[in-house]
Amino acid sequence: MARYTDDSIERVRQAVDMLDLVGAKTELKRSGHQWMGCCPFHDERTPSFSVNVSEKVFHCFGCGEGGDLFRFVELTEGLPFREALEYLADRYNITIELSDEDPRAAERRQQRDRLLELLERTASWYVRQLWESDEAAGPRAYLAQRGLDEQMLRQFRVGYAPSAWDAVLLASRRAGYSERELWDAGLVRRGQKGNLYDFFRRRIQFPLCDARGRVLGFGGRAAGPDQQPKYVNSSDGAVYHKGRHLFAADLARAAAAKAGQVVLCEGYTDVIALHQAGLTNTVGLMGTALTEEQVGELARLAPVVLLALDADSAGQEAMLRAARVAAGRRLELRVVTLPSGLDPADLLLSEGADGMRERVAASIPFVRFRVERALATEDLVTGEGKDRAVEALRPIFGDMPASALRDELLDLAAERVGVAPGKLGEWLAQPPRAPQAPTQRAAAPVDAAGQAAPSRPSDRPESDAISRVERAFLVQCLAQPTEGRAALAAADLERAITTPGYRRAALLLAEQLGEAIRVPEGDDELTRIIAELQVRAPQAAVGGRASLQAEVLRLELAAVNREIAAARGAGGADIVGLARRRTELEAAVERQVEESLAQTRATD
Ligand SMILES: [Zn+2]
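Residues numbered from 1 in each chain as written. Predicted model: local features only at pLDDT ≥ 70, side-chain atom pairs only at ≥ 80, totals over all residues. Heavy atoms only, no water.

Filter applied, for reference: UniProt positions are given in the numbering used here, feature names are shortened, and annotations may be inferred rather than shown by experiment.
Under Cofactor (unreviewed entry), UniProt gives the following word-for-word description of the chain: "Zn(2+)".

See below:
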């Protein structure tokens, strides 16, 4: 694929206002030459995240994350470099150029750009129809009766497609678009005689956008009770693919990143109503069951997802499905409990914005929801009913690591079933199949960082955490070469660094740090890794020797965690001694981080 010219990248770098870019994700305060704030990449109360506005680089002394402006967008928006560049170019109005684009690819890109432009125009046209045409009086009244403000509806670019068979068709032809383009954009259908007509007619139009806010298609809601079906969506075509995006992801992005939470609901008007209530971190499904791709989108928006789906059985099924799709991802699911038969937009009307915000704030962990549901569906008076409830509860408790929440839920379930918690625990511990499963599963999340190397490392959050620690250590070594070389010489690199690429980088740096670094010719992976480390190093240097020391300790901590997991697997060994060592290391890391922060302030 053709790449963007270095000149383009440079112009974007020049144009970006780092304070504006980072400030949208976390509040920054000036501290000498630096700006400091709470890190958007890990949970913290006291700021250890520093930004150098003139160099346009950032570094977190708490978790070691860092890099330049592009890296920041890659992380916060979940985009690969190329798209991060396009995102910034869009946002700061910079035209970027591809070097030697293959002519066929260039043509495809131009065609796509024209379709996007057509969809954009059409969205604006629908908006004018909604607010200006006589025909839209009914839809305007309906939206007002749903309690939605004009300002909100305009922000979401809600529009109206009139009942004529050819309004969009004629207007677009006049603007120079071909029939083929109208077809590819999903705006027309073909009749039996081969004639084209408008696909969306007499419908309230909700634009469906990608994460960058570009209109890809529409969801159309019937304007009258006589129309079937109630909702129609753009069908899959040249630009729209159903199940790939979330409604309003572009509008919710900043608020979701800031809150660390994203609310997911079903209907378009629910999403708009929640935004109006101040819950601007809300996104919606687009008329489909939650897909893998949408779960990926959710994970990019925030680490915690609050499901605000209908309490009816379809909504409950949707939540269980969401949990299945989300399993194995670093995503915490919580449930906003809604009274049966009422959707968020109804509730907003009956309980007001405060009431809705309270409901969202009172969300419960998904496991609690599952336990309550399992108990609610069985008749707990008879012995058979109780047995069935225990069967239903067994996999739920089997998946739960030992925790206060688990104990609390066990107490709750025991009370409802009418036995002592200890007795219920005993029943639940008798798995019908795979007798060893529950204890192993329970142990896994507790010592997540210490798991043995998984078969597909990049899929596993724990291995992400490990490679982050290893990378942060190497970045610090580069940031202070003299001390770094000593630290590399002192470390047992085979034991300390498990990610193969980083281990090779460590061995190279152990030899060459402080001199010009030469990567063996043709070793692209190592070249890439060294470049990645070098980008991060300047900003990491601010924390001084204490930061390097903190990373050395973290590396040791990760190694001890691995040894604890191995010891547990082997059935014993010196777990107590290792656990004590772990506690000491954790305290030492804390002290070093404090010191490196003091250092940051001192250099200002
Ligand atoms: Zn951090």
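**Section: the overall build of the chain**
Keep this limit in mind: Runs of H or I in DSSP of at least four residues are treated as helices and runs of E of at least two as strands, each being numbered from the N terminus. The Shrake-Rupley method, run with a 1.4 Å probe, gives the accessible areas here. Residue values count only the displayed protein chains as cover. In this charge count, Lys and Arg are treated as positive and Asp and Glu as negative; neither His nor the chain ends contribute. Just so you know, the charge point we use is NZ for Lys, CZ for Arg, CG for Asp and CD for Glu.
In terms of helices and strands, the chain carries 26 helices and 16 strands. When its C-alpha atoms are laid out on the principal axes, the chain stretches across 80 × 75 × 45 Å. By element, 50% of the accessible surface of the chain is carried by carbon and sulfur atoms, the whole surface being about 29000 Å². Side-chain charges of the chain comprise 78 positive and 89 negative groups, with the mean position of each set lying 3 Å from the other.

**Brief notes about the sheet that holds strand S14 (residues 304-307)**
Using the following cut-off: Two strands qualify as a pair provided DSSP detects at least 2 bridges between them. In what follows, a contact means two residues having at least one pair of non-hydrogen atoms within 4.5 Å. Note on method: axes are straight lines fitted to C-alpha atoms, helices fitted across the in-contact stretch only, with angles between N-to-C directions ranging 0 to 180 degrees.
In spatial order, the strands read S13-S12-S14-S15-S16; together these 5 strands make up an open sheet with mixed pairing. Each edge of the sheet is formed by a strand with only one pairing partner; in this case those strands are strand S13 (282-284) and strand S16 (364-365). Sheet topology places strand S12 (residues 261-265) next to S14; 4 bridges connect them, and they run parallel. In the strand pairing of S14, Val262 is matched with Val305. Its contacts with the sheet place helix H12 (residues 292-301) against S12, S13 and S14, and it is angled at close to 145° to S12.

**Quick word on the packing of helix H15 (residues 366-377) against helix H17 (residues 404-417)**
Our working rule: The scheme is simple: roughly parallel for angles under 35 degrees, roughly antiparallel for over 145, roughly perpendicular for 65 to 115, oblique for anything else.
Look at H15 against H17: their axes get within 11 Å of each other, and the N-to-C directions meet at 10°. Classified by the angle between their axes, H15 and H17 sit roughly parallel to one another. Taken together, the residues of H17 that come into contact with H15 (itself represented by Val367, Arg368, Val371, Glu372, Leu375 and Ala376) are Leu405, Glu408, Leu409, Leu412, Ala413, Arg416 and Val417.

**Digging into the coordination of the zinc ion**
Expected angles at a metal are 109.5 degrees for tetrahedral coordination by four donors and either 90 or 180 degrees for octahedral coordination by six donors. The condition that has to hold: Note on donors: an N, O or S atom is included if it sits within 2.8 Å of the metal, or within 3.2 Å for Na, K and Ca, and water is never included, so sites can look incomplete. Tetrahedral means four donors with every angle between 85 and 135 degrees, whereas square planar (four donors) and octahedral (six donors) require angles over 155 degrees between opposite donors and between 65 and 115 for all others; sites fitting neither are termed irregular. Each residue gets one of three labels from its accessible area relative to the maximum for its type: buried under 20%, exposed over 50%, partly exposed in between, using a 1.4 Å probe on protein chains only.
Those donors, Cys39 (SG), His42 (ND1), Cys60 (SG) and Cys63 (SG), are the protein atoms that reach the zinc ion, and they lie 2.0 to 2.3 Å from it. Geometry at the zinc ion is tetrahedral, judged from the 4 donor atoms that bind it and their angles of 103 to 120° at the metal. Between consecutive donors of the zinc ion, the numbers of intervening residues give the motif C-x2-H-x17-C-x2-C. Here Cys60 lies in strand S4 (residues 57-60) and Cys39 lies in the loop between strand S2 (34-37) and strand S3 (49-52), a separation of 21 residues in the sequence. Cys39 gets classed as buried once you look at its relative accessible area, which sits at 7%. Judged by its relative accessible area of 0%, Cys60 is buried.

**Focus: the packing of aromatic side chains**
Cut-off, in case you're wondering: Within 6.5 Å between ring centres, the rings of Phe, Tyr and Trp (the latter by its six-membered ring) count as paired, and their orientation is classed by plane angle as stacked under 30 degrees, edge-to-face over 60, tilted in between. Remark: a charge is flagged as sitting over a ring if the NZ atom of Lys or the CZ atom of Arg is within 6 Å of the ring centre and within 35 degrees of the ring normal.
Within the structure shown, the criterion is met by 18 aromatic pairs. When the ring of Tyr126 is compared with that of Phe218, the centres are 5.1 Å apart and the planes differ by 85°; the resulting orientation is edge-to-face. Placement of Tyr126 in helix H5 (residues 103-132) and of Phe218 in strand S10 (residues 215-222) is noted, with a sequence separation of 92 residues between them. Each of the two residues, Tyr126 as well as Phe218, counts as buried. Aromatic rings pair up to connect Trp125, Tyr126, Phe199, Phe200 and Phe218 into one cluster. The ring of Trp183 carries the charged tip of Arg190 above its face, separated from the ring centre by 5.7 Å. The ring centre of Trp165 lies 4.0 Å from the NZ or CZ of Arg201, which sits over that ring.

**Focus: the side chain of Ser133**
Structurally, Ser133 is set in the loop between H5 and helix H6 (137-145). Exposure remark for Ser133: the relative accessible area of 15% places this residue in the buried category.

**So, the sheet that holds S10**
Within a sheet, each strand pairs with its neighbour through backbone hydrogen bonds, oriented either parallel or antiparallel. Across the sheet, 4 strands lie side by side as S6-S9-S10-S11; this open sheet has antiparallel pairing. With partners counted over all chains shown, the strands left at the sheet margins are strand S6 (159-161) and strand S11 (231-233), one partner each. Strand-to-strand twist across the sheet, computed as the mean angle between neighbouring axes with direction ignored, equals 35°. Of the strand pairs in this sheet, S6 and strand S9 (residues 203-209) are connected by 3 bridges, and their pairing is antiparallel. By the bridge assignment for S9, Ala161 is matched with Arg203.

**Digging into the nonpolar core**
To keep things clear, this is the line we draw: Only buried residues count toward a nonpolar core, which is a set of Ala, Val, Leu, Ile, Met, Phe, Trp, Tyr and Cys residues joined through side-chain atoms within 4.5 Å. For the domain bounds, the source is a domain assignment made automatically or taken from a database.
Within the largest apolar cluster, 63 residues are counted, with the highest numbers of intra-cluster contacts made by Val158, Leu187 and Phe247. Among the elements that take part in this core, H5 stands out by supplying 10 residues, more than any other. For this core, the two domains that each supply at least three residues are domain 2 (107-233) and domain 3 (249-362). Leave out the neighbours within four places in its chain, and Leu187 touches Leu118, Leu119, Thr122, Tyr126, Val168, Leu182, Tyr197, Asp198, Phe199, Phe200 and Phe218. Counting 30 residues, the second-largest nonpolar core is a separate cluster that includes Ile9, Cys60, Cys63 and Leu69.

**Looking at the pairing of S10**
With respect to burial, S10 is a largely interior element, 8 of its 8 residues being buried. Note that S9 and S10 share 7 bridges and pair antiparallel. Pairing of Phe206 across the sheet is with Gly219, part of S10. Hairpin geometry of S9 and S10 is characterised by an intervening segment of 5 residues between the two adjacent antiparallel strands and by a positive phi of about 85° at Gly213.

**With respect to the pattern of salt bridges**
Pairing between side chains of opposite charge can happen when the charged atoms of each approach one another. For clarity, the threshold we go by: One speaks of a salt bridge when a side-chain nitrogen belonging to Lys or Arg is within 4 Å of a carboxyl oxygen belonging to Asp or Glu.
Applying the stated criterion across every chain yields a total of 43 salt bridges. The salt bridge involving Arg13 is made with Asp68; its shortest N-O contact spans 3.6 Å. Of this pair, Arg13 sits in helix H1 (residues 6-15) while Asp68 is found in strand S5 (residues 66-68), placing the two residues 55 residues apart along the sequence. For Asp68, a relative accessible area of 12% corresponds to the buried category. As a salt-bridge pair, Glu563 and Arg495 come within 2.8 Å of each other at their nearest N and O atoms. With Glu563 in helix H25 (residues 544-569) and Arg495 in helix H22 (residues 493-496), this residue pair connects regions lying 68 residues apart in the sequence.

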